[in-house]
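Topology and contacts: notes
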Amino acid sequence: MPFTKFTNLDFDQIKAQIKGYLRANSDFKDFDFEGSNFSVLIDTLAYNTYITAFNSNMVVNESFLDSATLRENVVSLARNIGYVPRSRSAAKAQISFSINTTSTTPTLTLAAGLVCIGASENTTIMFSIPSSITTTVNNGVANFDNIDVYQGTYLSKQFLVDGSLDQRFLLNNSFIDSSTIVVKVQGPNETTLGREYSRADNILNIDSTSEIYLIQEVQDEKYELLFGDGYFGKKLATGNVIDVSYIITDGKEGNGASNFAFSGRFKDDKGNIEVPTNTITITTNQNAINGADIESVDSIKYFAPRIYSSQHRAVTARDYEAIIQNIYPNTESVSVVGGEELDPPQFGNVIISIKPKNGDYISDFDRSNILSKLKQYSLSGINQQIIDLKVLF
């Protein structure tokens, strides 16, 4: 007598089902199924069936974006529809300072890496820059104005391309702020630092000569670099050297730092270390803000299909909501209204309100930055306006 019902997943129900099957078999009709020996065998069969059913259920659940719970599986499923989860965001501060020098160098370069130590809540936090910054020297004084520094530790890694291998370019550190990744590719016979590649989020407007790279999240919140195949993006050649630098950050833990002490390095126009002749005093233009943790599993499951449905263009209100969350990770909530819904109507306008995570209003700098990035997604003839929230207490 075969089983006809497979819906029971409870241990006791499975055990009772096995007993019913055995009782229906003439070879076992006179057996005592509650006896110790038979009971152990039935318990073993029921337990094995229970574990198998549980594992099968978990495997099936992890195969779909809506029901998956493990981050690696959610990220992998989102990757299939072209979605890259937001990385940790380093808290960013803006500083200015001057340096005096007796050197005759016409320019002075602030080297990439550690720049200053910030103080916040009785702790010290490192702030770095992902790329070197060069300024001119006038009368022995070099001014570094409005420098953006990022909370975290500056690291670098180098890869040698071998076209004969199925090679992967993995960054071995977790907690990377992906916006700070700088990639330079040096030719086999080049002695310079190489050409800087730009990050691409999609393959629009990319041809076989485009010097671009893409990233994708892999295990343990680490990232992998992807390069062109000769059709979409320039293909790497054997012997190329890839130099990658990035900043690993504590995310929102870096917010609030305001007092900074200089700890950076300077180089002259020949690359030699330059020692300042004065004590450098840093002026804080903007305290450290906008640090955030890596995108959560729930957020990935919510926004991945919406970004996919937007197809990298802003047409509907839902498109705007998904794209704004992607280009401005500090968004806590966003509301979008078409101008035709207003009274009186404002045809051709889109009205946007954004609630940031670290306050009630977004700064003028963030406002202009968001509007600038939205232009590459919006249709021509449509104007976006970001208005402040009206907070009701």
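Residues numbered from 1 in each chain as written. Predicted model: local features only at pLDDT ≥ 70, side-chain atom pairs only at ≥ 80, totals over all residues. Heavy atoms only, no water.

**A word on the pairing of strand β5 (residues 133-138)**
- Judged from the four bridges that link them, strand β2 (residues 107-110) and β5 form a sheet pairing that is antiparallel. Looking at the pairing, Leu108 lines up with Thr135 of β5.
- Across two bridges, β5 lies against strand β6 (residues 141-151) in antiparallel orientation. Counted as the bridge partner of Val137 is Ala142 from β6.
- The hairpin turn running from β5 into β6, its antiparallel successor, is two residues long, and Asn139 in that turn takes a positive phi close to 55°. (Pairing = 2+ DSSP bridges. Helix = DSSP H or I, 4+ residues; strand = E, 2+ residues; numbered from the N terminus.)

**Digging into the side chain of Ser96**
- As for its position among the elements, Ser96 is in strand β1 (residues 92-100).
- A relative accessible area of 11% places Ser96 in the buried class.
- There is a polar contact of 2.8 Å between the side chain of Ser96 and the side chain of Asn285.
- Once you skip the residues sitting within four places of it in the chain, Ser96 turns out to touch Phe144, Asp145, Asn146, Thr281, Ile282, Thr283 and Asn285. (Buried < 20%, exposed > 50% of the residue type's maximum accessible area, 1.4 Å probe, protein only. Polar contact = N/O pair within 3.5 Å; in protein donor to acceptor, adjacent residues only side chain to side chain. Contact = heavy atoms within 4.5 Å.)

**Remarks on the nonpolar core**
- Among the nonpolar cores identified, the biggest contains 29 residues, and Tyr83, Tyr320, Ile323, Ile352, Ile354, Ile370 and Leu374 are the most heavily contacted of them.
- Only α3 (71-79), α4 (297-310), α5 (317-327), β18 (331-338), β19 (349-356) and α6 (364-374) provide two or more residues apiece to this core.
- When sequence neighbours within four positions are dropped, the list of residues in contact with Ile354 reads Ile324, Tyr328, Thr331, Ser333, Val334, Asp360, Ile362, Ile370, Ile386, Ile387 and Leu389.
- Phe97, Ile125, Phe127 and Phe262 belong to the second-largest nonpolar core, a separate cluster that totals 24 residues. (Core = buried A, V, L, I, M, F, W, Y, C linked by side-chain atoms within 4.5 Å.)

**Overview of the sheet that holds strand β20 (residues 383-387)**
- If you trace the three strands from one edge of the open sheet to the other, you get β18-β19-β20, paired in mixed fashion. This sheet does not close on itself; its edge strands, each paired only once, are β18 and β20. On average, each strand axis in the sheet is inclined to that of its neighbour by 25°, with strand direction left out of account.
- As defined by bridge partners, β18 adjoins β19 across seven bridges and the pair is classed as antiparallel. (Axes fitted to C-alpha atoms, helices over the stretch in contact; angles between N-to-C directions.)

**Quick word on empty space enclosed by the protein**
- What the rule picks out here adds up to one cavity of 30 Å³ or more.
- Counted as a void, the largest cavity has a volume near 50 Å³.
- Taken together, Ile307, Ser310, His312, Ile323, Asn326 and Tyr377 form the lining of the largest cavity.
- Residue assignment for the lining of the largest cavity shows that the elements contributing at least two residues are α4 and α5. (1 Å grid on protein atoms, 1.4 Å probe; cavity = no way out; pocket = protein on both sides within 12 Å on 5 of 7 lines; lining within 4 Å. Points joined across faces, edges and corners; volume = space filled by probe spheres on them.)

**What about the sheet that holds strand β11 (residues 212-217)?**
- Read across the open sheet, the seven strands follow the order β7-β13-β9-β10-β11-β12-β8; overall the sheet is mixed. Two strands in the sheet have a free side with no partner beyond their single neighbour: β7 (153-160) and β8 (169-171). Between one strand axis and the next, the sheet turns by 30° as a mean value, whatever way the strands run.

**Examining α5**
- When we look at burial in α5, the residues that qualify are Asp319, Tyr320, Ala322, Ile323, Ile324, Gln325 and Ile327.
- Here the buried face of α5 lies against α4, β18, β19, α6 and β20.

**Let's talk about α6**
- Taken together, the buried positions of α6 are occupied by Asp366, Arg367, Ile370 and Leu374. The buried residues of α6 occupy an angular sector of 105° when the element is viewed end-on, so they sit on one face. Away from its buried face, by an angle of more than 90 degrees, α6 presents the exposed residues Asp364 and Ser372. (Arc of directions from axis to C-beta.)

**Focus: the packing of aromatic side chains**
- Tallied over the entire structure, the rule returns 11 aromatic pairs.
- When the centroid spacing of 5.3 Å and the interplanar angle of 25° are considered together, the rings of Phe97 and Phe144 count as stacked. You can see Phe97 sitting in strand β1 and its partner Phe144 sitting in strand β6, a full 47 residues away along the chain. Of the two residues, Phe97 and Phe144, both sit in the buried class.
- Judged by centre distance (6.1 Å) and plane angle (70°), the rings of Tyr197 and Phe227 are edge-to-face. Taken together, the residues span a long stretch of sequence, with Tyr197 in strand β10 (residues 195-199) and Phe227 in strand β12 (residues 223-227) at a distance of 30 residues.
- With relative accessibility at 6%, the residue Tyr197 sits in the buried group.
- With relative accessibility at 15%, the residue Phe227 sits in the buried group.
- Taken together, Phe159, Phe169, Tyr197, Tyr213 and Phe227 form an aromatic cluster joined through their ring pairs.
- Lying across the ring of Phe175, Arg88 places its NZ or CZ 4.0 Å from the centre.
- A cation sits over an aromatic face here: Arg306 above Tyr302, 3.8 Å from the ring centre. (Phe/Tyr/Trp six-rings, centres within 6.5 Å; stacked < 30°, edge-to-face > 60°. Lys NZ or Arg CZ within 6 Å of the ring centre and 35° of its normal.)

**Overview of unusual backbone geometry**
- In this chain, Asp343 is followed by Pro344 through a cis amide linkage whose omega measures 0°.
- One non-glycine residue, Asp220, lies in positive phi territory at about 60°.
- Position of Asp220 relative to the elements: it lies in the loop between β11 and β12.
- Among the residues examined, Asp220 registers a relative accessible area of 52% and is labelled exposed.
- Phi at Asn290 is positive, roughly 70°, even though this residue is not glycine.
- Considering the arrangement of structural elements, one finds Asn290 in the loop between β17 (283-289) and α4.
- The class for Asn290 is buried, based on a relative accessible area of 15%.

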